[in-house]
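Breakdown of the fold
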Amino acid sequence: MTNPPTLLAQRDGSVLVLTMNRPEKANAMNADMHDALVSQLESANKDGGINAVLLSSSGAKVFSAGADLKEFAELERSVGARRRRELLVRTLYAALDFPKPLLAEVQGKALGAGCMLALLADEVIMADTAELGMPEIKHGIPTPIGIVILAARGGLSVARQMVQSGAPIDARHAHAMGLADGLVNFSSLKVNSMERARALAALSGPSFQANKKFMNAGLRAALQAAAAEAGRL
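Described below are features of the structure shown in this document.

**A few points about the overall build of the chain**
Across its full length, the chain holds eight helices and ten strands. Against the 2.2 N^0.38 benchmark of 17 Å for 233 residues, the chain shows a C-alpha radius of gyration of 17 Å, consistent with a compact globule. The dimensions of the chain, computed from C-alpha atoms along their principal axes, are 50 × 45 × 35 Å. Per-residue burial over the chain gives 47% buried out of 233 residues. For the chain, the share of sequence-separated contacts (at least 6 apart) that also reach a separation of at least 24 residues comes to 71%. Surface exposure of the chain reaches about 11,300 Å², of which carbon and sulfur atoms provide 55%.

**Focus: the environment of E76**
As for its position among the elements, E76 is in the loop between β4 (62-64) and α2 (77-97). Residue classification places E76 among the partly exposed residues on the basis of a relative accessible area of 48%. Of the polar contacts made by the side chain of E76, one reaches the side chain of S78; its length is 2.2 Å.

**Focus: the packing of helix α4 (residues 144-154) against helix α8 (residues 205-232)**
Orientation of α4 relative to α8, taken along the N-to-C sense of each, is 160°, at an axis distance of 8 Å. When the interaxial angle is binned, α4 and α8 end up roughly antiparallel. For the pair α4 and α8, the sense of crossing is right-handed. Here P144, I145, V148, I149 and A152 of α4 come into contact with α8, specifically with L219, A222, L223, A226, A227, E229 and A230.

**Here's the deal with the pattern of salt bridges**
Side chains carrying opposite charge are able to pair once their charged atoms draw close together. Summed over all chains, the structure comprises eleven salt bridges. A salt bridge links D35 to R90, with the nearest nitrogen and oxygen atoms 2.2 Å apart. You can see D35 sitting in helix α1 (residues 31-46) and its partner R90 sitting in helix α2, a full 55 residues away along the chain. Taking relative accessible area as the criterion, D35 reaches 38% and is therefore assigned partly exposed. Residue R90 is classed as partly exposed on the basis of its relative accessible area, which comes to 36%.

**Brief notes about the sheet that holds strand β1 (residues 7-12)**
To summarise the sheet geometry, strands pair through backbone hydrogen bonds and adopt either a parallel or an antiparallel arrangement. Taken together, six strands build an open sheet; the order of strands is β1-β2-β3-β5-β7-β10 and the sheet is mixed. Each edge of the open sheet is held by one strand with a lone partner, namely β1 and β10 (182-184). Averaged over all pairs of adjacent strands, the angle between their axes in this sheet comes to 20°, without regard to strand direction. Of the strand pairs in this sheet, strand β3 (residues 52-57) and strand β5 (residues 102-106) are connected by three bridges, and their pairing is parallel. Among the inter-strand pairings, L54 is bridged to a residue of β5, identified as L103.

**Observations regarding helix α7 (residues 189-201)**
Since the α-helix turns once every 3.6 residues, residues separated by three or four places project in the same direction. Along its 13 residues, α7 runs 18 Å from first to last C-alpha, staying within 8% of the 18 Å computed at 1.5 Å per residue. Burial in α7 covers these residues: L189, S193, M194, A197, L200 and A201. The arc that holds the buried residues of α7, viewed along the axis, is 125°, so those residues lie on one side. Turning to α7, the residues buried within the fold contact β1, β2 (15-20), β3, β5, β7 (123-127) and β10.

Conventions and cut-offs
Residues numbered from 1 in each chain as written. Predicted model: local features only at pLDDT ≥ 70, side-chain atom pairs only at ≥ 80, totals over all residues. Heavy atoms only, no water. Helix = DSSP H or I, 4+ residues; strand = E, 2+ residues; numbered from the N terminus. Rg over C-alpha atoms; globule rule 2.2 N^0.38 Å. Buried < 20%, exposed > 50% of the residue type's maximum accessible area, 1.4 Å probe, protein only. Contact = heavy atoms within 4.5 Å. Areas by Shrake-Rupley, 256 points an atom, 1.4 Å probe, with all protein chains shown as cover. Polar contact = N/O pair within 3.5 Å; in protein donor to acceptor, adjacent residues only side chain to side chain. Axes fitted to C-alpha atoms, helices over the stretch in contact; angles between N-to-C directions. Parallel < 35°, antiparallel > 145°, perpendicular 65-115°, else oblique. Left-handed = near helix turned anticlockwise from the far one by under 90°. Salt bridge = Lys/Arg side-chain N within 4 Å of Asp/Glu carboxyl O. Pairing = 2+ DSSP bridges. Expected span 1.5 Å × (residues − 1). Arc of directions from axis to C-beta.

Rendered as structure tokens:
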């Protein structure tokens, strides 16, 4: 019996919907999911019929619990941590450098690496039941990568509050802090996020790409520095 795919891909007109599909594992991101995300974004970039990508998750409660900490358990701890970090950074670069509109549809908890990935989208649409969290400090793990992503969206004070406490924030507070671009009822999340994806898909692609590259230049440099720092810690 084969395992179901960790990432589902479905076209809806000019919008590609990518759905993280490990609900039984809280949509934790393993190597297979990372590879699929990078591959799908690369293919979508080359496909002239795709004008926007909408990232979602299976299940109702968890967008993604972050990295799959059980993967690479057979490896020495530092080796496993390095491997997970390498996979994450590659995926984050793929999302950040994706030139077309990328939206995140967050229906539940987005924690750690899942929170980072969501916040790198051009727009984040959250259900009123969703949460964002960076719990690494509770596990004794520093997160310079998370800090630069949070700071780019909500400012250093927001990054400090979330990273140094490790406590999650609900969707209402995330929206007020500027971490979410849209806040909707859970029941209407899919309709609203698809409507927004279609609206962005209808914009001038070359102009969107040029604007995005310029806006993300500082974050990309900061992410590169943060990834190097994470490798030293």
